[in-house]
Amino acid sequence: MIDFHCHIDLYPDPVALINECDRQGIYILSMTTTPRAWRESLKMIKPARRIRLALGLHPQIAHERLGELGLFEALLFEAGYVGEIGLDGSPELRDHQGAQIRALDAILKACQLGGGRPLSMHSRQAASEVLDALERWPGAGTPILHWFSGTRAELNRAISLGCWFSVGPAMLNSKKGAEIASLLPRNRTLTETDGPFGKINGRPLRPYDVGLAETLLASTWNITVAEVTVMLRQNLRTLTAIHGIA
Ligand code: MN
């Protein structure tokens with residue numbers, strides 16, 4: 001199983017959860033929300049064989065953390081993956097759109113200079129603006145739009161720009177989310193939980209709940225769960241091969 005977007009350091013007992021996920025052999029890409037969290041989180045996941053850490057600056061707090069952009073650039077050389085980054089156009093964050101874009105541009109520029117990375121991206125209510133930023137920095141890497149919720153036109157634009165997608169149980173459980181999933185390029189799709197923010201029935205999802213996303217994808221795509229599993233594994237292999245990372 002593959003959880004390509006979660007926040008493992010934000011669960012109540014991350015060490016126990018990391019051990020359990022390691023025992024189950026789940027592949028996890030854990031986001032950092034600020035560059036400052038990188039060192040501590042890296043230490044935490046180190047013993048697990050299949051857990052990777054992405055260096056990020058979450059758009060919802062980017063306006064308060066512009067001072068950490070220098071640290072982001074300094075740490076990038078040791079980060080195989082980048083996330084969570086992006087833009088959030090929710091009404092309460094409108095005032096910070098300028099700061100969000102400044103942060104994202106600085107990050108994408110650093111990634112482009114660094115030869116590109118897989119980029120796990122947030123684009124809530126800002127899909128077009130995220131795609132605009134990606135067009136400004138075409139060498140930034142491979143964007144994986146997580147929990148995509150844009151329009152059909154934005155989805156088509158994202159697909160033609162070469163974006164990948166990660167989808168989770170919470171998204172696939174909604175009618176709109178399932179509709180989007182049915183239109184995704186299957187060879188550019190991965191699964192995620194977005195735990196502990198991603199929830200199902202009010203309960204935070206844990207990485208090993210990501211099997212639910214496989215089940216829901218199988219029914220959306222009208223293929224078997226086993227076929228979905230094989231496809232996802234192949235997709236992860238392709239993505240890591242593109243970037244020469246393990
Ligand atoms: Mn997230």
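So, a few notes on the structure that sits alongside this text. Every residue gets a number counted from 1 within its own chain, in the order that chain's sequence is written. Only residues with pLDDT of 70 or above have their local features reported here, since the model is predicted, and side-chain atom pairs are shown and tallied only from 80 upward, although totals for entire chains, interfaces and linings are computed over all residues. The basis for every side-chain value is the complete set of non-hydrogen atoms in the structure, without hydrogens or water.

### Here we look at the nonpolar core
Residues enter a nonpolar core if they are buried and are Ala, Val, Leu, Ile, Met, Phe, Trp, Tyr or Cys, with the set joined through side-chain atoms within 4.5 Å. Using a 1.4 Å probe on the protein chains alone, a residue whose accessible area is under 20% of its type maximum counts as buried, one over 50% counts as exposed, and one in between counts as partly exposed. Core analysis: the biggest nonpolar cluster contains 72 residues, and Phe 4, Leu 119, Leu 145 and Phe 165 have the highest contact counts within it. Note on conventions: DSSP H or I runs of at least 4 residues are helices, E runs of at least 2 residues are strands, and numbering of each starts at the N terminus. Of all the elements, helix 4 (residues 97–113) adds the most residues to this core, at six residues. In this description, contact between two residues means that some pair of their heavy atoms is separated by no more than 4.5 Å. Among all residues touching Leu 145, those that are not within four sequence positions of it are Met 121, Val 130, Leu 131, Ala 158, Cys 163, Trp 164, Phe 165 and Ser 166.

### Considering the coordination of the manganese ion
Donor atoms from the polypeptide that coordinate the manganese ion comprise His 5 (NE2), His 7 (NE2), Glu 84 (OE) and Asp 194 (OD), at 2.3 Å from the metal. Note that water is not among the atoms used; donors are N, O and S atoms within 2.8 Å of the metal (3.2 Å for Na, K and Ca), so sites may look incomplete. For the manganese ion, the donor residues sit on a single chain with the sequence spacing H-x1-H-x76-E-x109-D. Linking Glu 84 in strand 4 (residues 81–86) with Asp 194 in the loop between strand 8 (189–191) and strand 9 (199–200), this pair joins segments that are 110 residues apart in sequence. Each of the two residues, Glu 84 as well as Asp 194, counts as buried.

### Some details on the pairing of strand 6 (residues 141–146)
Counting buried positions along strand 6 gives five out of six residues, so the element sits mostly inside the fold. Strands are treated as partners if at least two bridges between them are detected by DSSP. Of the pairings in the sheet, the one linking strand 5 (residues 117–122) to strand 6 comprises five bridges and is parallel in character. Bridge pairing in strand 6 links Leu 119 to Pro 143. Handedness of the strand 5-helix 5 (residues 127–136)-strand 6 crossover: right-handed. Bridging between strand 6 and strand 7 (residues 164–167) involves three bridges; their strand directions are parallel. The residue of strand 7 that forms the bridge with Leu 145 is Phe 165. Look down the strands so they point away from you; if going from the first strand over the helix to the second traces a clockwise path, that crossover is right-handed.

### Examining the pairing of strand 4
In terms of burial, strand 4 is a largely internal element, six of the six residues being buried. In this structure, strand 3 (residues 51–55) lies alongside strand 4, joined through two bridges in parallel fashion. Looking across to strand 4, one finds that Leu 55 is bridged to Val 82. Sheet analysis places strand 4 next to strand 5, joined by three bridges and oriented parallel. When the bridges of strand 5 are listed, Ile 85 appears paired with Met 121. Handedness of the crossover joining strand 4 and strand 5 through helix 4: right-handed.

### With respect to the packing of aromatic side chains
Any pair of Phe, Tyr and Trp rings, taking the six-membered ring for Trp, is counted once the centres come within 6.5 Å. Such a pair is stacked with planes under 30 degrees apart, edge-to-face with planes over 60 apart, and tilted for the rest. Evaluation of the coordinates by the stated rule reveals three aromatic pairs. On the numbers, 6.2 Å between centres and 70° between planes, the contact of Phe 4 with Tyr 81 is edge-to-face. Highlighted residues: Phe 4 in strand 1 (residues 2–6) and Tyr 81 in strand 4, separated in sequence by 77 residues. A single burial state applies to Phe 4 and to Tyr 81, both of which are buried. A centroid spacing of 5.9 Å and a plane angle of 85° characterise the contact between Phe 148 and Phe 165, whose relative ring orientation is edge-to-face. Of this pair, Phe 148 sits in the loop between strand 6 and helix 6 (152–160) while Phe 165 is found in strand 7, placing the two residues 17 residues apart along the sequence.

### Side note on unusual backbone geometry
Between Gly 83 and Glu 84 the backbone carries a cis peptide bond, its omega angle lying at 5°. With omega at 0°, the peptide bond leading from Gly 195 into Pro 196 counts as cis. Within the fold, Pro 196 resides in the loop between strand 8 and strand 9. The residue Asn 201 is not glycine, and still its phi comes out positive at about 50°. By the element assignment, Asn 201 lies in the loop between strand 9 and strand 10 (203–204). Classification of Asn 201 by relative accessible area gives exposed; the value is 82%. Phi at Asn 222 is positive, roughly 60°, even though this residue is not glycine. For Asn 222, the position within the fold is in the loop between helix 9 (211–221) and helix 10 (225–243).

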